[in-house]
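Working through the structure, step by step
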Amino acid sequence: MSEQNQTLFERFGKSFTAGTVLFREGDNGKEMYVVQSGKVRISKVVRDVEKTLVELGAGEFFGEMSILNDKPRSANATVVDDSKLLVIDPKTFEAMVRGNAEIAIRIIKMLSKRLEEADKQIENLMLKDHNSRVVHFLGHASKTAKQVPGGFLINMTAADIAAKVGLDLAKVDEVIQKLVRAKLASNDPAGLVVGDANKLREFLEFLEMKEKFGDI
Ligand code: CMP
């Protein structure tokens, strides 16, 4: 931990063990959190099923919406791995932003990244058939994935992908098997290796044609 982080931790830091529910959707929000280490899941319950919106790690923050908009919590926050978090009250948050333009810029950048992510999810949810949803998601994920022999390694399980695109695991598995058969993906102990984004886009176009004209 840097000296600056050490001082911040002494003032605002708290340690939380895995499994701790920090807050639930609808609660009143009185503070925001900055992750110093560990992992926190942001989720929503949709028709009795808990869906993960995002998992946040070191350097990321959450819980700012309630204190900025004076609204109840928009989602649940649960500690996934033992975590050290800065817990910051609204007055301190405002003072930090007013006193340090660097912090304000970091927050704006992170919020626009979050909006970009949410836009991608909306685009994905607009696709009707489950094949397209999975392929579209993998195409985006491959752009930031590590290049390995045979393609790009997407460090996620089929269950992680299912949670991201809002489909059942069985449906996601079915699409992955199709991609493997079409030699556009291969299974790897660390996740899924997919071909480049162009190949996936071509496959997506093929699926869109099928959606438009049916199987002829
Ligand atoms: P708040 O509404 O106070 O509590 C839930 C928090 O989850 C919210 O503030 C945001 O910080 C965070 N959050 C909500 N939706 C998303 C999202 N789509 N991506 C990342 N974080 C989110």
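Described below are features of the structure shown in this document. No experiment lies behind these values; they were computed from the predicted model shown.

Attention now moves to the pairing of strand β8 (residues 151-154). Side-chain positions along a regular strand alternate between the two faces of the sheet. Of the pairings in the sheet, the one linking strand β7 (residues 146-148) to β8 comprises three bridges and is antiparallel in character. Counterpart to V148 in the pairing with β8 is G151. Here β7 hands over to β8 after two residues, with G150 in that stretch at a positive phi of 90°. Of the strand pairs in this sheet, β8 and strand β10 (residues 191-194) are connected by three bridges, and their pairing is antiparallel. Bridge pairing links L153 to V193 in β10.

Near the ligand there are 13 residues, and of these G63, E64, S66, R73 and S74 occur at the shortest range. Between the ligand and the protein, one listed contact pairs an oxygen atom with a side-chain N or O atom of S66 at 2.9 Å. One nitrogen or oxygen atom from the side chain of S74 is found 2.7 Å from an oxygen atom belonging to the ligand. Listed by contribution, the elements that provide at least two residues to the shell around the ligand are β4 (49-56) and α2 (64-69).

This part is about the environment of G38. Within the element layout of this structure, G38 appears in strand β3 (residues 32-46). When the C-alpha positions of G38 and M126 are compared, they lie 33 Å apart, and in sequence the two are 88 residues distant. Setting aside its immediate chain neighbours within four residues, G38 contacts L56, G57, A58, D81, D82 and S83.

This part covers the pattern of salt bridges. In total, this model carries eight salt bridges according to the counting rule given. Its salt-bridge partner being E174, residue K178 comes within 4.0 Å of it at the nearest N-O pair. One end of the pair, K178, and the other, E174, are both in helix α7 (residues 169-181), four residues apart, so they sit about a helical turn from each other. Taking the relative accessible area as the measure of exposure, E174 reaches 35% and is therefore partly exposed.

Here the phi dihedral of D70 falls at roughly 55°; this positive angle occurs in a residue that is not glycine. Looking at the element boundaries, D70 is found in the loop between α2 and β6 (76-88). The class of D70 is exposed, set by a relative accessible area of 73%. For K183, which is not glycine, the phi torsion reads 60° and is therefore positive.

Here the focus is the packing of helix α6 (residues 158-165) against α7. Packed helices, taken two at a time, are described by the angle between their axes plus the distance between the axes. Contact pair α6 / α7: the axes reach a minimum separation of 9 Å and the direction vectors enclose 115°. Classified by the angle between their axes, α6 and α7 sit roughly perpendicular to one another. Of the two elements, α6 crosses α7, and the hand of that crossing is right-handed. On α7, the residues that touch A158, A159, I161, A162 and V165 of α6 are L169, V172, D173 and I176.

What counts, and where the lines are drawn
- Residues numbered from 1 in each chain as written.
- Predicted model: local features only at pLDDT ≥ 70, side-chain atom pairs only at ≥ 80, totals over all residues.
- Heavy atoms only, no water.
- Pairing = 2+ DSSP bridges.
- Helix = DSSP H or I, 4+ residues; strand = E, 2+ residues; numbered from the N terminus.
- Near = heavy atom within 4 Å.
- Polar contact = N/O pair within 3.5 Å; in protein donor to acceptor, adjacent residues only side chain to side chain.
- Contact = heavy atoms within 4.5 Å.
- Salt bridge = Lys/Arg side-chain N within 4 Å of Asp/Glu carboxyl O.
- Buried < 20%, exposed > 50% of the residue type's maximum accessible area, 1.4 Å probe, protein only.
- Axes fitted to C-alpha atoms, helices over the stretch in contact; angles between N-to-C directions.
- Parallel < 35°, antiparallel > 145°, perpendicular 65-115°, else oblique.
- Left-handed = near helix turned anticlockwise from the far one by under 90°.

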